[in-house]
Structure formats: structure tokens, C-alpha cells
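Remarks on the overall topology
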Amino acid sequence: MYAQMVKTDPRSAEITPEEEAFQARLDADVKIEPKDWMPEGYRKTLVRQISQHAHSEIVGQLPEANWISRAPTLERKAILIAKVQDEAGHGLYLYCAAETLGVSREQLLDQLHTGKAKYSSIFNYPTLTWADVGAIGWLVDGAAIMNQVPLQRCSYGPYSRAMIRICKEESFHQRQGFDIMAKLAAGTAEQKAMAQDALNRWWWPSLMMFGPPDADSVHSAQSMAWKIKLNSNDELRQRFVDQTVPQARHLGLEIPDPDLRWNEERGHYDFGAIDWDEFYRVIAGQGPCNKERLDTRVKAHEDGAWYREGLQAHAAKKAERRRKAAA
Ligand code: 3HC
């Protein structure tokens, strides 16, 4: 196990007592807490992953928010508002978890706004019809649940606890999306065609959410040695396909993959090649909506500056009054 650890001081051959104690805690599934010693690489990996996860939650609100004012019924509008609000809360839990590692909210948001930090590729696609709101709940939140459930057991305490809370709400997100798709698929021919069109556009980008193939994943080996990542990208992607294909069949919709077939020997679905050029284009900022998403986030941050400044001025005044009273 030690061989997998990134040495804190690569020059030293032996394992330091801190590294030994750290690894022993990981091996015993004892959570690492903010005040515990941790290798700098472990801390950096957590800041990278948790902050990008938080960015994904916040940016992920935008595609669906586009449909709040156009939801087909008051009930659907209320459900969608609740879901989008949940995502904001998920982002806040995760930013707080990242801040326990010694980074500030300002630093994290600056990394997002300047394009230095990523957010999930999936949120760079447009939501063209109401069926997209269903496909996002069913497929995107379905994929997010597949990827997030194992994170409830990750080695870093604040991240694991945030994920327990988030996963409870994700199930509602996925269910409401599936329910939209079921209503459309059982509706008029036009409604069913709208659902099929959404599945056609969201299926492959949803598979890309799990990250590059294991062979190309730069972080997986170390993240798995540190029990930050509990399952590989390909393993979770395969689980998602195996779970979702029967759901699509139940809806009477076609998965847009001519190579999809059940492989009795493997006990899994074989599926077609993913367009990794598209994936790397999107995460490099050349997706259909990257610029629009980032511009919207930057504008929202700038438009909210007066409110943050007001809160900070109020807090400073209160602290000043408390200091004078204590003097
Ligand atoms: N979108 C954007 N970037 C991605 C990506 C994706 N779907 N998949 C991988 N990448 C990036 C990685 O961030 C890494 O780039 P970096 O070094 O600049 O950070 C690079 O591609 C190599 O990928 P790796 O597989 O080596 O990286 P990881 O080990 O970090 O695995 C991950 C990627 C599986 C996404 C992992 O980071 C993870 O599990 N993150 C936490 C969960 C998460 O963020 N889920 C996605 C969205 S949350 C959501 O959908 C909200 C829901 O409410 C709708």
C-alpha cells in the first residue's frame, strides 16, 4: 500500500511516522478530519475534486433554471424550483467542505470564473425542450447518484458527510426527471418524440460524466489508494448503463447506441465507443454552452457584490461593537 502513496518528501526513502499513521487510518477506514496531518498531495487532490464538484452543482442549476418560467404546470414549476434550490445547497455544503482544507470561497470562485477550475462537462449542453428537464433528472442526476453514493464512504470526513446529505436529495431529483419522461413517453406522438430526442442528445454526454476511460485517468490510481475515489470511472459508467437501459425500455424509448447489447458472459451491457474528442473539447471550454455558462456565473457574482459587501460591513461593525464592549 505504501508504494501507492505519493511521498511527502520524495527524497526520503523511508516512510515518515506521519505517513505511516495516515496510511494506517486509511487502512482502518478511520475518517481523516481537517485538523489531522495529511500528505500535501491528499489535501490538493481533495481541494481539486471537492471544489470542482461544488462548481458543478452551482453551474448545474443553469440549464434547468432556463425552464422554471416555462414549466408546463404549476406543480412541475414548484418541483423544478425545489430541485434547482437543492443544487445551490449542495454547492454550499461542498464549498464548506473544501474550505476546511485551507482554501477560501473567494479563491475557489475565482478559479471557476477564470476558467482555471473545471465543472462537470454535462452542464455545457443546451436544454432545448421541456423533455431535457426530464432527461437531466433521469440521466444526469442518475449518473450523479451512481458517482456520488460511493463518495459517502470516502476517507475525508467533511466530504463524506456532505455526500450523505446530498445523496438523500439526489434520489428525488432522479425520480422527478424519470416521472417527466414517463409522462411524455406515454403522451401524444409529439410528446414521445420530444422525450426520444432528449434521450438522443443527453445519453452520450451522461456517459462522459464519469470521466475518461480508466487507462487515461490521471488521478484515479492515487485517488483510489487514498480512498477518495472508491470505484473506477469505467466501473461506475458500466453500472449506470446496466441500470438505465432497462429503464429506457420500460419507457418505450430507444437508447441511441446501435452497438448496445446484453453480454450474457460478462453479465453487463456492451456499448458503443464514446466520442472522447468531444469530451476533451468540452472540458477544454469548447462545448456548446461553456461561454454562456461562465458568463452567467461571473455576472451573477458581480451583481451580488453589493450584497456580500453589505454583509461584510455589517459583520465588521458587529465585531467592532463587541471589541469595544469587551475593552
Ligand atoms: N467534467 C469535467 N471534467 C472532468 C470530467 C467531467 N465529467 N471527468 C473528468 N474530468 C477531469 C478531471 O477533473 C481531471 O481534470 P483536472 O486534473 O483538471 O481536475 C481530468 O478530467 C482527468 O480525469 P480523472 O478521471 O483523472 O479525474 P478524477 O479522478 O477527478 O475523476 C470525476 C473525475 C469522476 C468527475 C471525479 O472528480 C469525481 O468523482 N468528482 C466528484 C463528483 C462530481 O463532480 N460529479 C459530477 C457532477 S455533480 C452533479 O452532477 C450534480 C447533480 O446534482 C446534477
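By convention here, each chain's residues receive numbers from 1 onward along its written sequence. Restriction of local features to residues with pLDDT of at least 70 applies here, the model being predicted, together with a cutoff of 80 or more for giving and counting side-chain atom pairs; totals for whole chains, interfaces and linings are based on all residues. As a convention, hydrogens and water are excluded, and side-chain values are obtained from all of the structure's heavy atoms.

Criterion for a disulfide: a pair of cysteine sulfur atoms at a distance within 2.5 Å. Under the counting rule described, the total for this entry stands at zero disulfides. Cysteine Cys96 shares no disulfide, and the gap to the nearest cysteine sulfur, in Cys154, comes to 16 Å. Only protein chains enter the area calculation, which uses a 1.4 Å probe; residues under 20% of their type maximum are buried, those over 50% are exposed, and those in between are partly exposed. Owing to a relative accessible area of 40%, Cys96 belongs among the partly exposed residues under this scheme.

Among buried residues, the Ala, Val, Leu, Ile, Met, Phe, Trp, Tyr and Cys ones that are joined through side-chain atoms within 4.5 Å form a nonpolar core. Residues Tyr42, Ile50, Tyr156, Tyr159, Trp202 and Trp203 are the most contacted members of the largest nonpolar core, which totals 78 residues. Among all residues touching Tyr159, those that are not within four sequence positions of it are Leu46, Gln49, Ile50, His53, Leu94, Ala97, Leu151 and Cys154. Note on contacts: a residue pair is in contact if any heavy atoms of the two residues lie within 4.5 Å.

Let us look at unusual backbone geometry. Within the chain, Asp29 stands out as a residue other than glycine whose phi angle is a positive 55°. To qualify as a helix, a DSSP run of H or I must reach at least 4 residues; to qualify as a strand, a run of E must reach at least 2; elements of each kind are numbered from the N terminus. Along the chain, Asp29 turns up in the loop between α1 (17-27) and α2 (40-59). Asp29 gets classed as exposed once you look at its relative accessible area, which sits at 58%.

All right, on to the packing of aromatic side chains then. Between 30 and 60 degrees the pair is tilted, below 30 it is stacked and above 60 it is edge-to-face, where a pair is any two Phe, Tyr or Trp rings, Trp via its six-membered ring, whose centres lie within 6.5 Å. All told, the structure shown has twelve aromatic pairs when counted by the stated rule. For the pair Tyr42 and Trp226, a centre-to-centre distance of 5.7 Å together with 90° between the ring planes defines the contact as edge-to-face. Placement of Tyr42 in helix α2 and of Trp226 in the loop between α9 (220-225) and α10 (233-251) is noted, with a sequence separation of 184 residues between them. Each member of the pair Tyr42 and Trp226 is classed as buried.

Next up on the list: the pattern of salt bridges. Between Lys or Arg on one side and Asp or Glu on the other, a salt bridge is scored when a side-chain nitrogen of the former is within 4 Å of a carboxyl oxygen of the latter. All chains considered together, the criterion is met by 21 salt bridges. Here Lys83 and Asp141 are joined by a salt bridge, their closest N and O atoms 3.0 Å apart. Within this pair, whereas Lys83 is found in helix α4 (residues 74-99), its partner Asp141 is found in helix α6 (residues 130-148), the two being separated by 58 residues in sequence. One continuous salt-bridge network, built from bridges that share partners, spans Glu64, Lys83, Glu87 and Asp141.

A fitted line through C-alpha atoms represents every axis, and for helices the fit uses only the stretch in contact; the resulting angles, taken between N-to-C directions, go from 0 to 180 degrees. At a closest axis distance of 9 Å, the pairing of α6 and helix α8 (residues 189-208) adopts a crossing angle of 30°. As for the relative orientation of α6 and α8, their crossing is right-handed in sense. Between α6 and α8, the contacting residues are Ala131, Asp132, Ala135, Ile136, Trp138, Leu139, Val140 and Ala143 on the first element and Met194, Ala195, Ala198, Leu199, Arg201, Trp202, Trp203 and Ser206 on the second. Classifying every residue of the contact of α6 with α8 gives 13 nonpolar, one polar and two charged. Each crossing gets its handedness from the near helix: less than a right angle anticlockwise from the far helix is left-handed, clockwise is right-handed. Just so you know the grouping, Ala, Val, Leu, Ile, Met, Phe, Trp, Tyr, Cys and Pro go in nonpolar, Asp, Glu, Lys and Arg go in charged, and all remaining residues, Gly too, go in polar.

Here the focus is a nonpolar patch on the surface. Patch membership needs two things, relative accessible area over 30% and no salt bridge, and members are linked within 9 Å if like-charged or within 5 Å if nonpolar (Val, Leu, Ile, Met, Phe, Trp, Tyr). Surface exposure here means Shrake-Rupley accessible area, sampled with a 1.4 Å probe, where a residue is shielded only by the protein chains that are shown. A cluster of nonpolar side chains, Trp306, Tyr307 and Leu311, forms an exposed patch at the surface whose accessible area comes to about 400 Å². As for its position among the elements, Tyr307 is in helix α13 (residues 305-326).

Our next topic: the site of the ligand. Whether a residue is near a molecule or strand depends on its heavy atoms: it is near if one of them lies within 4 Å of it. The local shell around the ligand holds 31 residues, among which Glu87, Lys118, Ser121, Glu170 and His219 are the closest. In this structure, Arg48 approaches the ligand through a side-chain N or O atom, which is 2.9 Å from an oxygen atom. What qualifies as a polar contact is a pair of N or O atoms within 3.5 Å, subject to a donor-acceptor requirement within protein and to the restriction that residues adjacent in sequence count only when both atoms come from side chains. In this structure, an oxygen atom belonging to the ligand sits 2.9 Å away from a side-chain N or O atom of Asn233. Among the secondary structure elements, those contributing two or more residues to the shell around the ligand are α2, α6, α7 (157-185) and α11 (276-286). Among the elements that take part in the shell around the ligand, α2 stands out by supplying six residues, more than any other. When grouped by side-chain class, the residues that make up the shell around the ligand number twelve nonpolar, twelve polar and seven charged.

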